[in-house]
Protein chains: 2
Amino acid sequence: MESHLGEDIRARAVGAALGNEPFDLVLAGGTVIDVGTGELRPADVGIVGPMVASVHPTGARTDSADWFDCAGRWISPGFIDMHVHFESSMLTPGQYAAAVCPRGTTTVFIDPHELANIAGVEGVRYAVEASRGLPVRFVVQAPSCVPPLPGLELSGHDLHAADIAEMLSWDEVGGLAEVMDMGGVLSRDARMVDIVAAGHQSGKLVSGHAAGLTGPALQAYLSAGIFSDHEVFAHVDAMEKLRAGMTVELRGAFDFVLPLLVEELGRLPEFPTHLIAATDDLFAATLLEEGGIDDLLRRLIRYGLAPARALRIATYNAAYRLQRTDLGVVAAGRRADIVVLSSLEAVAVDDVFVDGRRVAHGGAMLEPVTEAPAKTPLNTIQVPPLTADDFVYRLPGVPDGRHRLKVVEGVVMTEWGETEVDVVDGAVVIPDGYLLNVVVHRHGRIPATPVAGLLGGWGHWTGAVATTLSHDTHNLCVFGRDPADMAVAANAVIATGGGVAVVGEGEILALLELPVAGILSPLPAAEVARLQAEVGAAAQAIGLPPGPLTQPLFSVMLMSLACLTGPHVTDIGVVDGTLGELVDDLVLS
Amino acid sequence: MESHLGEDIRARAVGAALGNEPFDLVLAGGTVIDVGTGELRPADVGIVGPMVASVHPTGARTDSADWFDCAGRWISPGFIDMHVHFESSMLTPGQYAAAVCPRGTTTVFIDPHELANIAGVEGVRYAVEASRGLPVRFVVQAPSCVPPLPGLELSGHDLHAADIAEMLSWDEVGGLAEVMDMGGVLSRDARMVDIVAAGHQSGKLVSGHAAGLTGPALQAYLSAGIFSDHEVFAHVDAMEKLRAGMTVELRGAFDFVLPLLVEELGRLPEFPTHLIAATDDLFAATLLEEGGIDDLLRRLIRYGLAPARALRIATYNAAYRLQRTDLGVVAAGRRADIVVLSSLEAVAVDDVFVDGRRVAHGGAMLEPVTEAPAKTPLNTIQVPPLTADDFVYRLPGVPDGRHRLKVVEGVVMTEWGETEVDVVDGAVVIPDGYLLNVVVHRHGRIPATPVAGLLGGWGHWTGAVATTLSHDTHNLCVFGRDPADMAVAANAVIATGGGVAVVGEGEILALLELPVAGILSPLPAAEVARLQAEVGAAAQAIGLPPGPLTQPLFSVMLMSLACLTGPHVTDIGVVDGTLGELVDDLVLS
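Residues numbered from 1 in each chain as written. Chains lettered and ligands numbered in written order. Predicted model: local features only at pLDDT ≥ 70, side-chain atom pairs only at ≥ 80, totals over all residues. Heavy atoms only, no water.

(A) Highlighting the environment of Pro135 of chain B. All names here are of chain B. Residue position: Pro135 is located in the loop between helix H3 (113-130) and strand S10 (137-142). Since its relative accessible area comes to 14%, Pro135 is described here as buried. With near-sequence residues (within four places) excluded, Pro135 lies in contact with Cys101, Val354, Val359, Met365 and Val369. (Helix = DSSP H or I, 4+ residues; strand = E, 2+ residues; numbered from the N terminus. Buried < 20%, exposed > 50% of the residue type's maximum accessible area, 1.4 Å probe, protein only. Contact = heavy atoms within 4.5 Å.)

What follows is the structure in structure tokens.
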């Protein structure tokens, strides 16, 4: 991975450090957060071009082309987000950068897993191309699990070891992304073994996904040569992984984990370098309202972690994991990716410098962000217009009358349930308190035949929601009780090339257009956030429950996740994620 | 750099971790030193082939082909020596490995700087070839400064950026070695800039040598993109470098630095990951009698550093610097490079495992070490037999009579002095209390014309010492007062293809033959150590002062170091290391 600065710049920096020529810029009068030693030290930071040329006693140098007053403020290295699917924001790379940069994130280790599931290698290439030259440094990972569970769901593409090896050969690609097919890893599934081997052979990082792994299974997963995880659901889980030598990519998704983890960390004789920070999946609305890495750090500090230690996680530790000697500290010779904070405790980001240029102030970019030309995946929804009849739940071969059915109980975290239904004229009458979930393959690889299942525990709905942003395969997922409403919602997102639609009484109540790959909007973050809020509110108005995640809409977007335990409806059928198999017959009697 | 384990081994390890098949070996009943968290934790370590497959509660697993009892003992990752010129031991790679491995060193980041100065790229290739398959993992660096000071001394080869780039392209080469031409770096000397650029462009590590650099000069050196140093002479020096974000490769050479540094480290809020361990230059005798990395750790612990923290420096921190995820911790999925200690405080190494194989016990290798075939540099002394007349100090154009001369005062750390001499029949009469130092180019690139200078402060000598191991260019250096003795000593080492000879009253008192490149012996470490002691004792008997370094002989071996400050005699002339220039005329009057 190319990370070196040119020798011409270094020559100027050496000259400036020696005092033979002025700096381009000095950040003056602030307190540098030395994330390596944990000290807070008054110092001035001399910058030449994209790099720090000198960190010296306050006022020691008076020759600079430009000055930036940091009096009373703190100077931190830029934050590094070590595991993120930027697609979950629904923003394109440029707008994503514009959303996270003003909050201090200057480098992101992204896994374009969603784009890859839709557009394959070309989807990853789009992420690489569109992220070039942005004010946030994108280090791209090669998605490892496309699709996550072959045979149980169908993506737009199947990526095999050769595809992975090709992506890993690109300079912009820094590693193999979270290997989420834990079952495949532990059972030594040939395809998965070859994919992980491609990661190892590249000499680049291999990242993991070790949800719920403990004891022998955790040791086995590590033995497969996968040394990181972001799926920590409890502090004991996190501590077991840290003690096993696994790098924990700590995310803020489950806030209840953090206070207890902070307490445990305080009891360790040594603070692990293998604890780093991540955001994983966040809506644009969450990024703008609460923040990303800054929000995580803020909470960690609130729960008792020393501020310099919190920052260390997101800077120094991250750079070590990323094997980037040019990042992670405010020190001579390194890239001038710098965050100026007005409050250390509150991680209040005032100003952000990337490669020596001030790019953000007061929560906003100083200049509009422009994306490099890229081959954007458009028109990816290969589904003809649907009719109300496509959303009638039929059970082939089952006569009219009363029957007992297996149903999916729960929101995202599901289990099998049972209910009685009436079949009238060959169609299931959706019982009170239940919802129909229809999934339609949208990538054109098999006919777009609706697959249906009943959901329990979703409350009473008076309308329908359709979404083409639906992890991990992003097929068209429709939720509702009324076939006509469901068809209107589905056709709305088909017509716009993808998106999220909420329909009530035959009318479109809210529509978030996501024409890029059917999951991203080209609009600015604030606009997307507004639409997310609007769609979320409309969905809640027609019955969507709050759900367990940061945003209610995540519930519909994650219901097709076959890699979770419990039953889920996919484009292929109703699958049992725990057993990893398709369930052919849902009719019990 | 190739570091991955094969997927076949990983498959077996996954199976064993899961309990589906037995381990090959379990280290049972010991206490694992968790260098990541600083905890000491009872645990068993299951090994499969070359790797750790599981670290689990003591006794949790009872199925293993083999067992190794660690009851009452500590289990540490193997030690990593992050900066070493193995040539200073005078051992070939195999014998060097046999010397350090039983003391716990399992990986060495070597700089074959001496071999490169003698034999160029082929010298480095010899180090690569001869170190393959040894029980110590050699990661080789490309020597950056061959010769260290062009124009002031002549090596066997001049290496330029193209040579460096070639070596950096080899899989076995992990980085650019200590960039010791600090002046060239700071003045942006074109040759040095190109060499450092080759390091940066390779994407591999670039290591430094920042002796005495402080303030602006240190910041400038860092700005050149060189982020490590082992030349710390004081705790304040070390702390300034750590605070500047520079990785400190801490060595034990200057013991007085350590207690104060331990005290300073204890005051830091956070322990830096960028503090690592190194031995730099140690005789075989020192390695066998006192130790290498183990001796450094032992002293650090004695001075108050927590044992787990001391070990962290030489394991976890080192692996991060080396960017090797397979090393540095005792954890599933990593290489089973493991040290079993009977005393943690005393760093008492009982057993050493490398790649899962027990290779050493009780201070000795379990099997003889065999070197891989390599093209060994022999017959490298290109100097014809010399006569007593070659060791007569003449001052061309200076008439007989009394004259005032500039002389070199001091042992290794030198300064200019003056003295009066008589010139009789064109020859300088060596005054009482002075020594003649004659250096002869030995690489055949210029005529082997003796260059002479007077040394003060070396006591009263009754014989002569000749050495072809003489940093950094390893020309033939002869010390004495009697031309006949000096010629006998010189001819002894010329005849043996290099070495160190001590002569008194015309007789060879002791001879250490170093036929490999004129600096290494093919003999086992114990034999070389015995000869080093014998030669050292003989040299002290004829007048060699104890000197400031670990071994008295270092004084003669380092007197030609033009890169040190002060005056030194080289094969080209008497040079001023401070000014970086040749001093043409030593006659003051």
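(B) Summary view of the packing of aromatic side chains. Throughout the structure, instances matching the rule amount to 21 aromatic pairs over all chains. Judged by centre distance (6.1 Å) and plane angle (70°), the rings of Phe86 of chain A and Phe138 of chain A are edge-to-face. Placement of Phe86 of chain A in the loop between strand S8 (79-84) and helix H2 (93-100) and of Phe138 of chain A in strand S10 (residues 137-142) is noted, with a sequence separation of 52 residues between them. Side by side, Phe86 of chain A and Phe138 of chain A carry an identical accessibility label, which is buried. In textbook terms, an aromatic cluster arises when at least three aromatic residues are bridged by ring pairs, as seen for Tyr316 and Tyr320 of chain A together with Tyr316 and Tyr320 of chain B. Arg334 of chain A extends its terminal NZ or CZ atom over the ring of Phe227 of chain B, reaching a point 3.8 Å from the ring centre. Over the face of the ring belonging to Trp416 of chain B we find Lys406 of chain B, whose NZ or CZ atom lies 4.4 Å from the ring centre. (Phe/Tyr/Trp six-rings, centres within 6.5 Å; stacked < 30°, edge-to-face > 60°. Lys NZ or Arg CZ within 6 Å of the ring centre and 35° of its normal.)

(C) Here's a closer look at a nonpolar patch on the surface. Residues and elements named next belong to chain A. Taken together, the side chains of Ile446, Ile572 and Leu582 define a hydrophobic patch exposed on the protein surface, amounting to about 190 Å² of accessible area. Mapped onto the secondary structure, Ile446 falls in the loop between strand S23 (434-440) and strand S24 (451-456). Here Ile446 falls in the partly exposed class, since its relative accessible area comes to 33%. (Patch = residues over 30% accessible without salt bridge, like charges linked within 9 Å, V, L, I, M, F, W, Y side chains within 5 Å. Areas by Shrake-Rupley, 256 points an atom, 1.4 Å probe, with all protein chains shown as cover. Salt bridge = Lys/Arg side-chain N within 4 Å of Asp/Glu carboxyl O.)

(D) How the structure looks around the packing of helix H4 (residues 161-168) of chain B against helix H6 (residues 190-202) of chain B. Residue and element names in this part refer to chain B. The geometry of H4 relative to H6 is characterised by a closest axis approach of 8 Å and an angle of 25° between their N-to-C directions. Between H4 and H6, the angle falls in the class roughly parallel. For the pair H4 and H6, the sense of crossing is right-handed. Where H4 abuts H6, its residues Ala161, Ile164, Ala165 and Leu168 lie against Asp194, Ile195, Ala198, Gly199 and Ser202. Its residues assigned to classes, the contact of H4 with H6 comprises six nonpolar, two polar and one charged. (Axes fitted to C-alpha atoms, helices over the stretch in contact; angles between N-to-C directions. Parallel < 35°, antiparallel > 145°, perpendicular 65-115°, else oblique. Left-handed = near helix turned anticlockwise from the far one by under 90°. Nonpolar A, V, L, I, M, F, W, Y, C, P; charged D, E, K, R; others polar.)

(E) Structural context of the relation of the copies chain B and chain A. By a simple turn and slide, chain B fits onto chain A: the slide is 0.0 Å along the axis, the RMSD is 0.0 Å, and the turn is 180°. Such a combination of rotation and displacement between the chain copies is what one expects of a two-fold axis. Most of the interface of chain B is mirrored in chain A, where 100% of its interface residues again form contacts. (Least-squares fit on C-alpha atoms with pLDDT ≥ 70 in both.)

(F) Inspection of unusual backbone geometry at higher detail. Residue and element names in this part refer to chain A. A cis geometry characterises the amide bond from Val146 onward to Pro147, with omega recorded as -5°. For Pro147, the position within the fold is in the loop between S10 and helix H4 (161-168). Here the phi dihedral of Arg188 falls at roughly 55°; this positive angle occurs in a residue that is not glycine. In this fold, Arg188 is placed in the loop between helix H5 (182-186) and helix H6 (190-202).

(G) Expanded view of the nonpolar core. Membership of the largest hydrophobic core comes to 365 residues, with the highest contact counts inside it found for Tyr221, Tyr393 and Trp458 of chain A together with Tyr221 and Trp458 of chain B. In contact with Trp458 of chain A, other than residues within four places in its own chain, are Gly410, Val411, Leu435, Phe479, Gly543, Leu544, Pro545, Ser555, Val556 and Met559 of chain A. Residues Val32, Phe68, Val330 and Val340 of chain A belong to the second largest nonpolar core, which totals 16 residues. (Core = buried A, V, L, I, M, F, W, Y, C linked by side-chain atoms within 4.5 Å.)

(H) Here's a closer look at the pairing of S10 of chain A. Residues and elements named next belong to chain A. S10 sits mainly inside the fold: six of its six residues count as buried. On S10, burial covers both faces: Arg137, Val139 and Gln141 on one face and Phe138, Val140 and Ala142 on the other are all buried. Direction of pairing for strand S9 (residues 105-110) relative to S10: parallel, over a ladder of four bridges. What sits directly across from Ile110, in S10, is Val140. Read from S9 through helix H3 (residues 113-130) to S10, the crossover connection turns out right-handed. Pairing of S10 with strand S11 (residues 173-179), which is carried by three bridges, proceeds in the parallel orientation. Note that in S11 the partner of Val140 across the bridge is Val173. (Pairing = 2+ DSSP bridges. Right-handed = clockwise from strand over helix to strand, strands pointing away.)

(I) Quick look at the packing of H3 of chain B against H4 of chain B. All names here are of chain B. It is at 11 Å that the axes of H3 and H4 come closest, and there the two elements cross at 15°. Taken as axis vectors, H3 and H4 run roughly parallel relative to one another. For the pair H3 and H4, the crossing hand works out as right-handed. In this structure, H3 contributes Val121, Val124 and Arg125 to the contact, and H4 contributes Asp163, Glu166 and Met167. For the contact of H3 with H4, the class distribution of residues is three nonpolar, no polar and three charged.

(J) Examining helix H7 (residues 215-223) of chain B more closely. The element H7 of chain B is extensively covered by neighbouring structure, given that seven of its nine residues are classed as buried. Phi for Gly225 of chain B, located one or two positions after H7 of chain B, is positive at around 90°.

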